[in-house]
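# Observations on the model geometry
One letter stands for each residue in the lines below.
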Amino acid sequence: MATVYHGRPIEPYRLGVLIDLPEHPGLSDCWPDAVRLASEDVKARGLLERDVEVVVREVYAQPWTSAHGLIKAYRELVEDAGVLGVVGPFTSDNCLALLPEIERRQVPTATICGSVRFVGDYAYAFANGGLADEPAVMAAWLQANGHRRIAVLRERTQIGEEYAEFFRYELQPQNLVITAEPPVYPATSVEELVEALTVCRDSKPDALVYLGLGGVNQWIRPALEQIDWDPPRIQTTAFVSATYTEERARRLEGWVGVDQYHEGNEVFAAVRERFRKRFGYDYATSGLSTGYDIGHAFALALGRMRYATPTALRDAMDTLRRIPACTGGPGTIITLGPRDHRAYQGADFLVLRRAHGGTTSLEGLASVVPWEQPS
């Protein structure tokens, strides 16, 4: 396609990438490259007339500090870099803190945030999990494996509380009861976890559930070993870090967790191969898959814009339907529309994996079972 118009070079479209979890191999490092590859792919297919420049900002926000620096970085992307859309941030607490600014600036912003409260005219959720969806998947696994009495280790955060709210809704339909629910803060220690896990163990549950972002995962194995407890156990998409490195998988030895990497997803397999050839590295993680999916959606929408403004990009995003997704089980699609900004659709956009021996394997899918109908 032409790169000059009336003797003047045509500038690339600009997308921002806002990272609030720096130094996360398998997630923060591959996200900008995934967006670049998706944009190049769409342009190669003739569906996008310009190149895409990716402008990256990284900032430590919550839980390390307040959201002030995050909001400042977002403003810099919009005002100084002139991006048409923003990819990120990652976590629900930071996304919710940023939401008023997103709506004020009216710039489409797509994240992997799982909160159902991340809703707005310019807010798009390519949820790497889902605080409302994961509890139902976890409860289905517990019920299918005969675990009825459940001890819950819950983070004392917005994320933990939202998880817990939706987990409680699943208790009666799945015939589960909570035996203990000690709250912990993400920035904890082995000693504090030992205290909370002892409460859980002494309640004599059939299984242990962890509801949180994953801050406790670095300490949870030594804490369980210290009290000599090895229960059946399942956790939220805090588990996805087990696919990032062997070390993180060993931290979660014996855990089942909600994830979105599925070896049978042929769309992601093909994307990974192109990614490896383009950048010289590769991850079998939902970090890479969600980064590509968001970049793909933005690139398709950039090609459909009627004029180059954030609002026109928003309108184009809302036309995307039935786009095959890298993320989730085979058949997961991306569908968006006005007032419908939760991208992933399909019963198997969440899967279950198990950590063992420094790696993970597919545990299965949480089948959707019809309720018992009255006679």
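Residues numbered from 1 in each chain as written. Predicted model: local features only at pLDDT ≥ 70, side-chain atom pairs only at ≥ 80, totals over all residues. Heavy atoms only, no water.

Bringing helix α11 (residues 310–317) into the picture now. Within α11, burial applies to A312, L313, R314, A316 and M317. Packed against the buried residues of α11 are β5 (85–87), β7 (123–125) and α10 (286–304). (Buried < 20%, exposed > 50% of the residue type's maximum accessible area, 1.4 Å probe, protein only. Helix = DSSP H or I, 4+ residues; strand = E, 2+ residues; numbered from the N terminus. Contact = heavy atoms within 4.5 Å.)

One finds F126, L142, F167, V209, L302 and M317 to be the most contacted residues of the largest nonpolar core, which totals 64 residues. No other element matches the seven residues that α10 contributes to this core. For this core, the domains that each give at least three residues are domain 1 (4–129 + 265–345) and domain 2 (132–235). When residues no more than four places from it in sequence are discounted, the contact partners of L302 are Y13, L15, L48, E49, V52, L84 and L313. (Core = buried A, V, L, I, M, F, W, Y, C linked by side-chain atoms within 4.5 Å. Domains from an automatic or database assignment.)

We now examine the side chain of Q174. Among the secondary structure elements, Q174 is positioned in the loop between α5 (158–169) and β9 (177–180). For Q174, the residues in contact, after removing those within four places along its chain, are A139, A140 and Q143.

This brings us to the side chain of T290. Along the polypeptide, T290 turns up in helix α10. Taking relative accessible area as the criterion, T290 reaches 0% and is therefore assigned buried. Apart from the residues lying within four places of it in its own chain, the contact partners of T290 are W31, I112, F126, N128, Q260, T327 and Y344.

A few words on the packing of aromatic side chains. A complete count under the given rule lists nine aromatic pairs for this structure. On the numbers, 5.5 Å between centres and 85 degrees between planes, the contact of F166 with Y169 is edge-to-face. With F166 and Y169 both in helix α5, this residue pair falls three residues apart, about one helical turn. Plain terms: the ring middles of F275 and F279 are 4.9 Å apart, the flat faces sit at 45 degrees to each other, and that makes the pair tilted. Of this pair, F275 and F279 both sit in helix α9 (residues 266–279), four residues apart, which is roughly one turn of that helix. Comparing F275 with F279, the two get one shared label, buried. In this structure an aromatic cluster arises from ring pairing among F275, F279, Y281 and Y283. A cation sits over an aromatic face here: R314 above Y122, 4.6 Å from the ring centre. (Phe/Tyr/Trp six-rings, centres within 6.5 Å; stacked < 30°, edge-to-face > 60°. Lys NZ or Arg CZ within 6 Å of the ring centre and 35° of its normal.)

Let us now look at the pairing of strand β13 (residues 256–259). Successive residues of a regular strand alternate their side chains across the two faces of the sheet. Of the two faces of β13, the one holding V256 and V258 and the one holding G257 and D259 are both buried throughout. Of the pairings in the sheet, the one linking strand β12 (residues 233–235) to β13 comprises two bridges and is parallel in character. By the bridge assignment, I234 is partnered in β13 with V256. Viewed along the sheet, the connection from β12 through helix α8 (residues 246–251) into β13 turns out right-handed. In the sheet, β13 pairs with strand β17 (residues 351–356) via four bridges, with the strands oriented antiparallel. Bridging from a neighbouring strand, V258 pairs with L352 of β17. (Pairing = 2+ DSSP bridges. Right-handed = clockwise from strand over helix to strand, strands pointing away.)

A separate point is the domain arrangement of the protein. Assigned domains within the protein: domain 1 (4–129 + 265–345) and domain 2 (132–235). Here domain 1 and domain 2 have C-alpha centroids that lie 32 Å from each other. Facing ten residues of domain 1, the contacting portion of domain 2 comprises eight residues. Of the roughly 730 Å² buried between domain 1 and domain 2 on both sides combined, carbon and sulfur atoms contribute 58%. Contact with domain 2 buries area across many residues of domain 1, yet V116, R117 and G129 alone supply 44% of it, more than any other trio. Our count for the domain 1 to domain 2 interface comes out at two salt bridges. In this structure, the salt-bridge partner of E162 is R117, at a minimum N-O distance of 3.2 Å. Inspection of the region where domain 1 meets domain 2 yields four residue pairs in polar contact (both at pLDDT 80 or more). Tallied by class, the residues present in the side of domain 1 that touches domain 2 amount to two nonpolar, six polar and two charged. (Buried area = accessible area lost by both parts, 1.4 Å probe. Salt bridge = Lys/Arg side-chain N within 4 Å of Asp/Glu carboxyl O. Polar contact = N/O pair within 3.5 Å; in protein donor to acceptor, adjacent residues only side chain to side chain. Nonpolar A, V, L, I, M, F, W, Y, C, P; charged D, E, K, R; others polar.)

Time to look at unusual backbone geometry. A cis amide bond links Q62 to the next residue, P63, at an omega of 10 degrees. Along the chain, P63 turns up in the loop between β4 (52–58) and α2 (68–79). The phi dihedral of Q106 is positive, around 55 degrees, even though this residue is not glycine. Mapping Q106 onto the fold places it in the loop between α3 (92–105) and β6 (109–111). By relative accessible area, which is 40% here, Q106 ends up partly exposed. Positive phi values are uncommon outside glycine, yet K204 reaches one of about 55 degrees. Counting through the fold element by element, K204 comes out in the loop between α6 (190–202) and β11 (207–211). By relative accessible area, K204 is classed as exposed at 64%.

Below, the discussion takes up α9. Given 3.6 residues per helical turn, the α-helix brings residues three or four places apart onto the same face. Taking 1.5 Å of rise per residue, the 14 residues of α9 would be expected to cover 20 Å, and the 20 Å separating its terminal C-alpha atoms lies within 8% of that figure. Within α9, burial applies to F268, V271, R272, F275 and F279. Each buried residue of α9 sits inside an arc of 105 degrees when the element is viewed along its axis, so together they form one side. Of the residues in α9, the exposed ones pointing more than 90 degrees away from the buried face are E266 and K277. Against the buried residues of α9 lie α1 (31–44) and α10. (Expected span 1.5 Å × (residues − 1). Arc of directions from axis to C-beta.)

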